[in-house]
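Here's the letter readout for the chains.
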Amino acid sequence: HGANTTFLLGLLVLLSWLVVRAHLQLHLHTDDIEMGSVQFINTPHRSQFMHMAISLVFELRLNRPLIKDPSRVSNLCSLGCSADDPTVARTMEDRRAVLGCFVLSSMYVSLFTMGHNVNLFCLRVSLYFAKIDALRWSPYMDDCLQVIAGNGNAEDDLLAHQVQLQLIGERV
């Protein structure tokens, strides 16, 4: 579980770099940023990386609460399904990872679908055919947001505010 979470966090760092760089280049029309990241984000890799991050969230079951009832765990195991270890608790890293994946996937989709710049047409068409959907918000993610927002860490407060802004943006 730990190695996969570390891989997910590394993937989220790469995706955040790609999304922010593409946003700066496409919406702010800055010429002082090298074009490599836009060319890279407009290749099949961009959707593969986003899908990989979302898949890891599901594989690690970070988008739902852990099963705490030992009888439910044994029932699942008897059916041959993987189940959560009832002795393991969610870490702050797990919560940050699922919230970060939500924000990035939501930003990624909105970056190429909400712009009014004609130069974005090819990127929007490419995104449409890549069929990328943002990670869906769940009630468990609300719990993660509350834990992150209430722990008194300044960086976590920033993440919580970013998540809240993204949720407002999705409603609009």
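Residues numbered from 1 in each chain as written. Predicted model: local features only at pLDDT ≥ 70, side-chain atom pairs only at ≥ 80, totals over all residues. Heavy atoms only, no water.

1. Examining the nonpolar core
Basically, it comes down to this: Working definition of a nonpolar core: buried Ala, Val, Leu, Ile, Met, Phe, Trp, Tyr and Cys residues. They are joined through side-chain atoms within 4.5 Å. Only protein chains enter the accessibility calculation, which uses a 1.4 Å probe; a residue is then buried when its area is under 20% of its type maximum, exposed when over 50%, and partly exposed in between. We count a stretch as a helix when DSSP gives it H or I for four or more residues in a row; a strand needs E for two or more, and each element gets its number in order from the N terminus. Residues count as neighbours in contact if any of their non-hydrogen atoms are within 4.5 Å of one another.
Counting 31 residues, the largest nonpolar core has Leu8, Val98, Leu99, Leu135 and Val163 as the members making the most contacts within it. When residues of this core are traced back to their parent elements, those giving at least two are α1 (2-27), α3 (44-59), α5 (92-113), α7 (139-149) and α8 (154-171). Top element by residues in this core is α5. It accounts for 8 residues. Once residues within four sequence positions are removed from consideration, Leu135 is found in contact with Ile54, Val57, Phe58, Val98, Cys101, Phe102, Ser105 and Met141.

2. Some details on a nonpolar patch on the surface
Selection rule: By definition, no residue in a patch forms a salt bridge, and every one has over 30% relative accessible area; like charges are joined within 9 Å, nonpolar side chains (Val, Leu, Ile, Met, Phe, Trp, Tyr) within 5 Å. In short, Shrake-Rupley with a 1.4 Å probe defines the accessible areas, and a residue's cover is counted only from the protein chains shown. Any carboxyl oxygen of Asp or Glu within 4 Å of a side-chain nitrogen of Lys or Arg constitutes a salt bridge here.
Residues Leu165, Ile168 and Val172 make up a contiguous nonpolar surface patch of roughly 350 Å² in combined accessible area. Accessibility expressed as a relative area gives 45% for Ile168, which makes it partly exposed.

3. Quick notes on α8
Rules: Given the number of residues in a helix, its expected span is that number minus one, multiplied by 1.5 Å. In this description, the arc belongs to the directions extending from the helix axis to the C-beta atoms. Polar contact is the term for a pair of N or O atoms within 3.5 Å; when the atoms are in protein, one must be able to donate a hydrogen and the other to accept it, and sequence-neighboring residues count only if both atoms are side-chain atoms.
Here α8 is 18 residues long and its end C-alpha atoms lie 26 Å apart, about the 26 Å a rise of 1.5 Å per residue gives. All of the buried residues along α8 are Asp156, Leu159, Ala160, Val163, Gln166 and Leu167. Each buried residue of α8 sits inside an arc of 125 degrees when the element is viewed along its axis, so together they form one side. Those residues of α8 that are exposed and aimed more than 90 degrees away from the buried face are Ala154, Leu158 and Leu165. Of the residues flanking the start of α8, the one acting as N-cap is Asn153, its side-chain oxygen 2.8 Å from the backbone nitrogen of Glu155.

4. Examining the packing of aromatic side chains
Convention followed: Any two of the Phe, Tyr and Trp rings considered here, Trp counted by its six-membered ring, make a pair once their centres fall within 6.5 Å; the pair's planes then place it as stacked at under 30 degrees, edge-to-face at over 60, or tilted in between.
Inspection of every chain in the model, using the stated rule, returns 1 aromatic pair. Considering the side-chain rings of Phe102 and Trp137, the 4.8 Å spacing of their centres and the 65 degrees angle between planes classify their relative orientation as edge-to-face. Of this pair, Phe102 sits in helix α5 while Trp137 sits in the loop between α6 (121-130) and α7, and the two are 35 residues apart along the sequence. The class for Trp137 is partly exposed, based on a relative accessible area of 25%.

5. Some points on the packing of α7 against α8
Our working rule: Geometry is summarised by axes, namely lines fitted to C-alpha atoms with helices restricted to the contacting stretch, and by angles between N-to-C directions that run from 0 to 180 degrees. Crossing handedness follows the turn of the near helix against the far one: under a right angle anticlockwise gives a left-handed crossing, and clockwise gives a right-handed one. Gly is put with the polar residues, along with every residue not named as nonpolar or charged; the nonpolar set is Ala, Val, Leu, Ile, Met, Phe, Trp, Tyr, Cys and Pro, and the charged set is Asp, Glu, Lys and Arg.
Across the interface, α7 lies against α8 with an axial gap of 8 Å and an inter-helix angle of 145 degrees. The crossing of α7 and α8 is left-handed. Across the interface between the two elements, Leu145, Ile148 and Ala149 from α7 touch Asp156, Asp157, Leu159, Ala160, Val163 and Gln164 from α8. A class-by-class count of the residues in the contact of α7 with α8 yields 6 nonpolar, 1 polar and 2 charged.

6. Describing the confidence of the model for the chain
Let me state the cut-off plainly: pLDDT expresses how confident the predictor is about each individual residue, on a scale running from 0 to 100.
In this model, the chain carries a mean pLDDT of 75, and residues with pLDDT of at least 70 account for 61%. Taking the mean pLDDT of every element in the chain, the minimum, 48, falls on helix α2 (residues 36-41) and the maximum, 95, on α7. Note on residues 115-120: pLDDT is under 50 here. Beyond four places in sequence and across chains, it has 11 contacts.

7. Structural notes on the side chain of Ser105
With respect to the element layout, Ser105 can be found in helix α5. Here Leu135 takes part through its backbone nitrogen, which lies 2.9 Å from a polar atom of the side chain of Ser105. Apart from the residues within four sequence positions on either side, Ser105 is in contact with Met50, Ile54, Ala134 and Leu135.

8. As for α7
Quick reminder: α-helices carry 3.6 residues per turn. Residues three or four places apart thus point the same way. Turning to α7, its buried residues number three or more, namely Tyr140, Met141, Cys144, Leu145 and Ile148. Each buried residue of α7 lies within a common arc of 145 degrees when the element is viewed along its axis, so the set occupies one face. Structural note: α7 exposes Pro139 and Gln146 on the side pointing more than 90 degrees away from its buried face.

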